[in-house]
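# A structural walkthrough
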Amino acid sequence: MKKLQTGSFVFLIAAFLFQACSLVPLTGRRQLSLVSDSEMLSMSAGQYDQFKKENKMSSDSGETNEVKRVGRNIQNAVTTYFAGHKMSQELNGFAWEFNLVENKEANAWCMPGGKVMVYSGILPFTQNDTGLAVVMGHEIAHAVAKHSNERMSQALVAQLGGMGLGLALKQETQKTQQIWMTLFGVGVQLGAVLPYNRLQEAEADRLGLIFMAMAGYDPNAAIGFWQRMSQSGGAKPPEFLSTHPSDKNRIQKIRSYMPEAMKYYKK
Ligand SMILES: [Zn+2]
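This report concerns the structure included in the present document.

Rules and cut-offs
- Residues numbered from 1 in each chain as written.
- Predicted model: local features only at pLDDT ≥ 70, side-chain atom pairs only at ≥ 80, totals over all residues.
- Heavy atoms only, no water.
- Helix = DSSP H or I, 4+ residues; strand = E, 2+ residues; numbered from the N terminus.
- Buried < 20%, exposed > 50% of the residue type's maximum accessible area, 1.4 Å probe, protein only.
- Contact = heavy atoms within 4.5 Å.
- Axes fitted to C-alpha atoms, helices over the stretch in contact; angles between N-to-C directions.
- Parallel < 35°, antiparallel > 145°, perpendicular 65-115°, else oblique.
- Nonpolar A, V, L, I, M, F, W, Y, C, P; charged D, E, K, R; others polar.
- Expected span 1.5 Å × (residues − 1).
- Polar contact = N/O pair within 3.5 Å; in protein donor to acceptor, adjacent residues only side chain to side chain.
- Donors = N, O, S within 2.8 Å, 3.2 Å for Na, K, Ca; no water.
- Pairing = 2+ DSSP bridges.
- 1 Å grid on protein atoms, 1.4 Å probe; cavity = no way out; pocket = protein on both sides within 12 Å on 5 of 7 lines; lining within 4 Å.
- Points joined across faces, edges and corners; volume = space filled by probe spheres on them.

## Digging into the overall build of the chain
Summing up its helical and strand segments, the chain has 12 helices and 5 strands in all. For the chain, buried positions account for 49% of its 267 residues. Restricting the contact set of the chain to residue pairs at least 6 apart, pairs at least 24 apart contribute 72%.

## Some details on the packing of helix α3 (residues 61–84) against helix α9 (residues 198–214)
The N-to-C vectors of α3 and α9 enclose an angle of 105 degrees; their axes lie 8 Å apart at closest approach. Relative to α9, α3 is oriented roughly perpendicular. Residues Ile74, Ala77, Val78, Thr80, Tyr81 and Phe82 of α3 form the contact with α9, whose own contacting residues are Leu207, Ile210, Phe211, Met212 and Met214. Here the residues of the contact of α3 with α9 are counted per class, giving 10 nonpolar, 1 polar and no charged.

## As for α9
Here α9 contains 17 residues, and its C-alpha end-to-end distance of 24 Å stays within 8% of the 24 Å for a straight helix at 1.5 Å per residue. For α9, the buried fraction is high: 13 of the 17 residues fall into the buried class. Where α9 begins, the capping side chain belongs to Asn197, and its oxygen is found 3.0 Å from the backbone nitrogen of Leu199. Directly after α9, the chain includes Gly216, whose backbone phi takes a positive value near 95 degrees.

## Things to note about the coordination of the zinc ion
The protein atoms donating to the zinc ion are His138 (NE2), His142 (NE2), Glu201 (OE), Glu201 (OE) and His244 (NE2), with metal-donor distances spanning 2.0 to 2.7 Å. For the zinc ion, the donor residues sit on a single chain with the sequence spacing H-x3-H-x58-E-x42-H. With His142 in helix α5 (residues 129–144) and His244 in the loop between α11 (239–243) and α12 (248–262), this residue pair connects regions lying 102 residues apart in the sequence. By relative accessible area, His142 is classed as buried at 1%. By relative accessible area, His244 is classed as buried at 1%.

## Comments concerning the environment of Asn99
When you line up the elements, Asn99 lands in strand β3 (residues 97–101). Residue class for Asn99 comes out buried when judged on its relative accessible area of 11%. Between the alpha carbons of Asn99 and Ser58 there is a distance of 8.3 Å; along the sequence they are 41 residues apart. For Asn99, the contacting residues outside a window of four places in its chain are Tyr48, Lys52, Met57, Val67, Lys68, Val116, Met117 and Val118. Engagement of the side chain of Asn99 in a polar contact is seen with the side chain of Glu97, the distance being 3.3 Å.

## Considerations on the packing of helix α2 (residues 37–54) against helix α8 (residues 173–183)
Relative orientation of the contacting elements α2 and α8 amounts to 80 degrees, with a least axis distance of 12 Å. On the basis of their axis angle, the class for α2 and α8 is roughly perpendicular. On α8, the residues touching Met40, Met43, Ser44, Gln47 and Gln50 of α2 are Thr176, Gln177, Trp180 and Met181. Here the residues of the contact of α2 with α8 are counted per class, giving 4 nonpolar, 5 polar and no charged.

## Brief notes about the sheet that holds strand β4 (residues 108–111)
The strands that make up a sheet are held in pairs by hydrogen bonds between backbone atoms, and each pair lies either parallel or antiparallel. Spatially, the 3 strands line up as an open sheet ordered β3-β5-β4, and their pairing is mixed. Unpaired on one side and paired on the other, β3 and β4 mark the two borders of the sheet. Averaged over neighbouring strand pairs, the angle between their axes works out to 15 degrees when direction is ignored. Of the pairings in the sheet, the one linking β4 to strand β5 (residues 115–119) comprises 4 bridges and is antiparallel in character. Residue pairing in the sheet places Met111 in a bridge with Lys115 of β5. Of the strands in this sheet, β3, β4 and β5 touch α2, which is tilted by about 30 degrees from β5.

## Quick word on unusual backbone geometry
Even without being a glycine, Gln127 presents a positive backbone phi close to 70 degrees. Its place among the elements puts Gln127 in the loop between α4 (123–126) and α5.

## Re empty space enclosed by the protein
Under the counting rule described, the total for this entry stands at 1 cavity of 30 Å³ or more. The space that makes up the largest cavity amounts to roughly 50 Å³. Looking at the lining of the largest cavity, the elements that each hand over two or more residues are α5, α9 and α10 (221–231). It is α9 that provides the largest number of residues to the lining of the largest cavity, a total of 4 residues. A per-class count over the lining of the largest cavity returns 6 nonpolar, 2 polar and 1 charged.

Structure (C-alpha coordinates):
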(Lines give C-alpha, C1' and ligand atoms only; values in the text may rest on other atoms or scores of the structure.)
Protein backbone atom coordinates (compact mmCIF):
# COMPACT_ATOMS: atom_id res chain seq x y z
CA MET A 1 0.00 0.00 0.00
CA LYS A 2 2.77 2.37 1.00
CA LYS A 3 4.61 1.55 -2.20
CA LEU A 4 1.54 2.30 -4.25
CA GLN A 5 1.12 5.65 -2.56
CA THR A 6 4.71 6.58 -3.20
CA GLY A 7 4.28 5.54 -6.81
CA SER A 8 1.24 7.68 -7.36
CA PHE A 9 2.87 10.56 -5.53
CA VAL A 10 5.83 10.41 -7.89
CA PHE A 11 3.41 10.23 -10.80
CA LEU A 12 1.55 13.27 -9.51
CA ILE A 13 4.76 15.25 -9.16
CA ALA A 14 5.82 14.22 -12.65
CA ALA A 15 2.43 15.21 -14.05
CA PHE A 16 2.62 18.51 -12.21
CA LEU A 17 6.09 19.27 -13.51
CA PHE A 18 5.04 18.40 -17.04
CA GLN A 19 2.06 20.73 -16.73
CA ALA A 20 4.33 23.40 -15.38
CA CYS A 21 6.53 23.18 -18.45
CA SER A 22 5.88 25.90 -20.96
CA LEU A 23 7.36 26.72 -24.33
CA VAL A 24 10.04 29.35 -24.67
CA PRO A 25 8.08 31.62 -27.01
CA LEU A 26 11.19 32.64 -28.91
CA THR A 27 12.66 29.22 -29.56
CA GLY A 28 9.88 26.67 -29.04
CA ARG A 29 11.91 24.82 -26.39
CA ARG A 30 10.00 23.45 -23.39
CA GLN A 31 11.00 24.93 -20.06
CA LEU A 32 10.01 24.34 -16.45
CA SER A 33 7.88 27.20 -15.19
CA LEU A 34 6.62 27.13 -11.59
CA VAL A 35 6.70 30.88 -11.50
CA SER A 36 4.26 33.25 -13.16
CA ASP A 37 5.44 36.24 -15.16
CA SER A 38 3.70 38.64 -12.80
CA GLU A 39 5.43 37.10 -9.76
CA MET A 40 8.79 37.38 -11.52
CA LEU A 41 8.16 41.00 -12.51
CA SER A 42 7.15 42.19 -9.06
CA MET A 43 10.05 40.36 -7.38
CA SER A 44 12.38 41.82 -9.99
CA ALA A 45 11.25 45.41 -9.49
CA GLY A 46 11.69 45.13 -5.73
CA GLN A 47 15.11 43.47 -5.83
CA TYR A 48 16.39 45.89 -8.49
CA ASP A 49 15.37 48.95 -6.48
CA GLN A 50 16.98 47.49 -3.40
CA PHE A 51 20.20 46.87 -5.32
CA LYS A 52 20.22 50.50 -6.49
CA LYS A 53 19.79 51.73 -2.92
CA GLU A 54 22.51 49.50 -1.49
CA ASN A 55 25.13 50.11 -4.19
CA LYS A 56 26.82 53.19 -5.56
CA MET A 57 25.62 54.06 -9.03
CA SER A 58 28.36 55.43 -11.29
CA SER A 59 29.00 59.17 -11.17
CA ASP A 60 30.68 59.06 -14.61
CA SER A 61 28.02 60.65 -16.80
CA GLY A 62 29.74 59.69 -20.06
CA GLU A 63 29.81 55.98 -19.22
CA THR A 64 26.34 56.06 -17.66
CA ASN A 65 24.96 57.67 -20.83
CA GLU A 66 26.69 55.01 -22.92
CA VAL A 67 24.90 52.27 -20.95
CA LYS A 68 21.53 54.01 -21.29
CA ARG A 69 22.06 54.75 -25.01
CA VAL A 70 23.07 51.22 -25.95
CA GLY A 71 20.33 49.81 -23.71
CA ARG A 72 17.61 51.88 -25.37
CA ASN A 73 18.82 50.86 -28.82
CA ILE A 74 18.67 47.16 -27.89
CA GLN A 75 15.28 47.68 -26.23
CA ASN A 76 13.95 49.17 -29.49
CA ALA A 77 15.35 46.25 -31.46
CA VAL A 78 13.71 43.74 -29.10
CA THR A 79 10.38 45.57 -29.35
CA THR A 80 10.58 45.50 -33.15
CA TYR A 81 11.63 41.83 -33.20
CA PHE A 82 8.75 40.78 -30.94
CA ALA A 83 6.21 42.84 -32.90
CA GLY A 84 7.48 41.21 -36.11
CA HIS A 85 6.89 37.77 -34.59
CA LYS A 86 3.46 38.77 -33.23
CA MET A 87 4.71 38.21 -29.68
CA SER A 88 4.49 41.72 -28.27
CA GLN A 89 2.33 40.48 -25.41
CA GLU A 90 5.42 38.64 -24.09
CA LEU A 91 6.85 42.05 -23.21
CA ASN A 92 3.77 43.13 -21.23
CA GLY A 93 4.73 44.54 -17.86
CA PHE A 94 8.31 45.26 -18.91
CA ALA A 95 9.63 48.45 -17.32
CA TRP A 96 13.05 48.84 -18.93
CA GLU A 97 15.89 50.39 -16.93
CA PHE A 98 19.60 50.64 -17.68
CA ASN A 99 22.08 51.56 -14.98
CA LEU A 100 25.82 51.49 -14.38
CA VAL A 101 27.06 50.53 -10.90
CA GLU A 102 30.45 51.62 -9.60
CA ASN A 103 32.00 48.19 -9.08
CA LYS A 104 35.37 46.68 -10.07
CA GLU A 105 33.81 43.32 -10.90
CA ALA A 106 33.43 42.53 -14.60
CA ASN A 107 29.75 41.73 -14.50
CA ALA A 108 26.34 42.56 -15.94
CA TRP A 109 22.84 41.14 -15.62
CA CYS A 110 19.26 41.74 -16.67
CA MET A 111 16.45 40.86 -14.31
CA PRO A 112 12.99 40.01 -15.66
CA GLY A 113 11.11 43.02 -16.99
CA GLY A 114 14.19 44.59 -18.56
CA LYS A 115 16.02 45.69 -15.39
CA VAL A 116 19.62 45.90 -16.57
CA MET A 117 22.70 46.50 -14.42
CA VAL A 118 26.16 46.94 -15.94
CA TYR A 119 29.21 46.92 -13.64
CA SER A 120 31.91 49.49 -14.41
CA GLY A 121 34.51 46.68 -14.23
CA ILE A 122 33.24 45.16 -17.48
CA LEU A 123 33.82 48.34 -19.53
CA PRO A 124 37.55 47.60 -20.12
CA PHE A 125 36.41 44.36 -21.82
CA THR A 126 33.61 45.92 -23.88
CA GLN A 127 35.81 48.86 -24.97
CA ASN A 128 33.10 50.73 -26.90
CA ASP A 129 29.36 50.88 -27.69
CA THR A 130 29.55 47.84 -29.96
CA GLY A 131 31.29 45.73 -27.31
CA LEU A 132 28.76 46.89 -24.74
CA ALA A 133 25.97 45.91 -27.14
CA VAL A 134 27.36 42.33 -27.10
CA VAL A 135 26.96 42.15 -23.32
CA MET A 136 23.64 43.98 -23.10
CA GLY A 137 22.17 42.11 -26.08
CA HIS A 138 23.15 38.82 -24.46
CA GLU A 139 21.78 39.71 -21.01
CA ILE A 140 18.55 41.11 -22.43
CA ALA A 141 18.15 37.95 -24.51
CA HIS A 142 18.27 35.87 -21.29
CA ALA A 143 15.51 38.06 -19.85
CA VAL A 144 13.18 38.06 -22.85
CA ALA A 145 13.63 34.29 -23.33
CA LYS A 146 12.45 34.00 -19.70
CA HIS A 147 15.50 32.06 -18.61
CA SER A 148 15.18 33.36 -15.05
CA ASN A 149 11.69 31.93 -14.71
CA GLU A 150 13.16 28.61 -15.72
CA ARG A 151 16.15 28.88 -13.39
CA MET A 152 14.01 30.13 -10.51
CA SER A 153 11.71 27.15 -11.04
CA GLN A 154 14.63 24.73 -11.06
CA ALA A 155 16.06 26.32 -7.92
CA LEU A 156 12.69 26.13 -6.18
CA VAL A 157 12.47 22.42 -7.00
CA ALA A 158 16.02 21.80 -5.80
CA GLN A 159 15.93 23.89 -2.65
CA LEU A 160 12.33 24.24 -1.57
CA GLY A 161 10.79 21.08 -3.01
CA GLY A 162 8.87 22.48 -5.93
CA MET A 163 7.16 25.25 -4.01
CA GLY A 164 5.82 28.00 -6.27
CA LEU A 165 7.35 31.43 -5.95
CA GLY A 166 4.32 33.02 -4.27
CA LEU A 167 4.31 30.42 -1.50
CA ALA A 168 8.09 30.41 -1.20
CA LEU A 169 8.06 34.16 -0.68
CA LYS A 170 5.46 33.89 2.06
CA GLN A 171 7.18 31.07 3.90
CA GLU A 172 10.88 31.41 3.24
CA THR A 173 11.39 35.00 2.25
CA GLN A 174 15.08 35.19 3.07
CA LYS A 175 15.98 31.93 1.40
CA THR A 176 13.90 32.82 -1.65
CA GLN A 177 15.62 36.20 -1.94
CA GLN A 178 18.97 34.49 -1.64
CA ILE A 179 18.09 32.11 -4.47
CA TRP A 180 17.06 35.13 -6.54
CA MET A 181 20.29 37.01 -5.95
CA THR A 182 22.45 33.97 -6.71
CA LEU A 183 20.58 33.50 -9.99
CA PHE A 184 21.95 36.83 -11.15
CA GLY A 185 25.36 36.61 -9.51
CA VAL A 186 24.43 39.47 -7.18
CA GLY A 187 25.86 39.26 -3.69
CA VAL A 188 27.74 36.12 -4.60
CA GLN A 189 29.38 36.10 -1.18
CA LEU A 190 26.14 34.53 0.05
CA GLY A 191 26.73 31.34 -1.84
CA ALA A 192 27.63 29.73 -5.11
CA VAL A 193 26.35 31.46 -8.23
CA LEU A 194 23.99 29.50 -10.39
CA PRO A 195 25.41 29.54 -13.89
CA TYR A 196 23.18 29.55 -16.93
CA ASN A 197 23.08 26.17 -18.60
CA ARG A 198 24.48 25.48 -22.03
CA LEU A 199 21.15 25.61 -23.85
CA GLN A 200 20.29 28.94 -22.27
CA GLU A 201 23.72 30.32 -23.13
CA ALA A 202 23.34 29.24 -26.75
CA GLU A 203 19.88 30.83 -26.95
CA ALA A 204 21.13 34.08 -25.42
CA ASP A 205 24.15 34.20 -27.73
CA ARG A 206 22.06 33.65 -30.85
CA LEU A 207 19.28 36.10 -29.92
CA GLY A 208 21.73 38.64 -28.50
CA LEU A 209 23.55 38.79 -31.84
CA ILE A 210 20.27 39.37 -33.67
CA PHE A 211 19.19 42.12 -31.28
CA MET A 212 22.53 43.95 -31.46
CA ALA A 213 22.56 43.69 -35.25
CA MET A 214 19.03 45.13 -35.46
CA ALA A 215 20.18 47.95 -33.17
CA GLY A 216 22.91 48.83 -35.69
CA TYR A 217 25.94 47.22 -33.98
CA ASP A 218 28.18 44.82 -35.91
CA PRO A 219 27.61 41.38 -34.30
CA ASN A 220 31.13 40.25 -35.31
CA ALA A 221 32.35 42.21 -32.27
CA ALA A 222 31.04 39.36 -30.09
CA ILE A 223 33.99 37.17 -31.08
CA GLY A 224 36.54 39.71 -29.86
CA PHE A 225 34.63 40.33 -26.66
CA TRP A 226 34.45 36.66 -25.67
CA GLN A 227 38.12 36.23 -26.57
CA ARG A 228 39.12 39.12 -24.28
CA MET A 229 36.87 37.72 -21.58
CA SER A 230 38.29 34.20 -21.69
CA GLN A 231 41.89 35.45 -21.87
CA SER A 232 41.48 37.52 -18.73
CA GLY A 233 43.65 35.31 -16.55
CA GLY A 234 44.54 36.06 -12.97
CA ALA A 235 43.69 34.48 -9.66
CA LYS A 236 40.00 35.22 -9.90
CA PRO A 237 38.09 34.95 -13.17
CA PRO A 238 35.62 37.77 -13.93
CA GLU A 239 32.26 37.47 -12.19
CA PHE A 240 30.60 37.45 -15.60
CA LEU A 241 32.29 34.13 -16.40
CA SER A 242 30.92 32.47 -13.27
CA THR A 243 27.34 33.06 -14.42
CA HIS A 244 28.27 32.63 -18.09
CA PRO A 245 30.72 29.74 -18.33
CA SER A 246 32.69 29.98 -21.53
CA ASP A 247 34.87 27.59 -23.44
CA LYS A 248 36.37 27.22 -26.90
CA ASN A 249 33.09 25.88 -28.26
CA ARG A 250 31.31 29.08 -27.43
CA ILE A 251 33.23 31.22 -29.92
CA GLN A 252 32.89 28.44 -32.49
CA LYS A 253 29.13 28.47 -32.02
CA ILE A 254 28.98 32.26 -32.14
CA ARG A 255 30.72 32.13 -35.52
CA SER A 256 28.04 29.71 -36.74
CA TYR A 257 25.26 32.15 -35.72
CA MET A 258 26.89 35.01 -37.60
CA PRO A 259 25.31 34.55 -41.07
CA GLU A 260 21.82 34.67 -39.54
CA ALA A 261 22.66 37.72 -37.39
CA MET A 262 24.23 39.58 -40.34
CA LYS A 263 20.89 39.42 -42.18
CA TYR A 264 19.57 41.83 -39.54
CA TYR A 265 22.58 44.14 -39.65
CA LYS A 266 22.21 47.40 -41.53
CA LYS A 267 25.13 49.77 -41.40
ZN1 LIG B 1 24.53 34.19 -20.62
